[in-house]
Amino acid sequence: GMESWQADPALAIQIDRCTAHGLAPPIPVRSAPLGEAKPSRSGYPLTARLGFRARRLAAQARMAGRALRRGAVRMAVPVAEDLEG
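Please read all numbers here as calculations on a predicted model, not as lab measurements. (Residues numbered from 1 in each chain as written. Predicted model: local features only at pLDDT ≥ 70, side-chain atom pairs only at ≥ 80, totals over all residues. Heavy atoms only, no water.)

J.: How would you sum up the overall build of the protein chain? Please name residues and give values.
T.: Helix and strand counts for the protein chain come out as two helices and zero strands. Counting only carbon and sulfur atoms, one obtains 58% of the accessible surface of the protein chain, whose full area is about 8600 Å². (Helix = DSSP H or I, 4+ residues; strand = E, 2+ residues; numbered from the N terminus. Areas by Shrake-Rupley, 256 points an atom, 1.4 Å probe, with all protein chains shown as cover.)

Following this line, the structure appears as structure tokens:
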């Protein structure tokens, strides 16, 4: 069968999120999505918006089903401190 993997905590973060996590970004960045206004949803028909919500909920339900399925195993895997060496 298929296997799903997820690191917790995440092994990497986006550079524009360094400051939010108390880290100094290695290069100066200005994230455009954070500084721009979000587009209005009114331009999308109701059927498209409901379709998106339905797909999102179905994906969340699949993830919950995998996590709760009998035989699902959580495994702690140690991560090396220095991955560049």
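J.: Let's hear about a nonpolar patch on the surface: which residues, and what values?
T.: Together, Trp 5, Val 73, Met 75 and Val 77 give the surface a local cluster of nonpolar side chains, amounting to about 510 Å² of exposed area. Within the secondary structure, Trp 5 sits in the segment before α1 (32-35). (Patch = residues over 30% accessible without salt bridge, like charges linked within 9 Å, V, L, I, M, F, W, Y side chains within 5 Å. Salt bridge = Lys/Arg side-chain N within 4 Å of Asp/Glu carboxyl O.)

J.: Which residues make up a positive patch on the surface, and what are the values?
T.: Together, Lys 38, Arg 41, Arg 49, Arg 53 and Arg 56 line one region of the surface with positive charge. Structurally, Arg 56 is set in helix α2 (residues 46-68). (Lys, Arg positive; Asp, Glu negative; His and termini not counted. Charge placed at Lys NZ, Arg CZ, Asp CG, Glu CD.)

J.: Explain the environment of Pro 28 to me, using residue names and the numbers behind them.
T.: Looking at where Pro 28 falls in the secondary structure, it is placed in the segment before α1. Between the C-alpha atom of Pro 28 and that of Ile 15, which follows or precedes it by 13 residues, the distance is 8.9 Å.

Taken by themselves, the reported measurements are silent on function.
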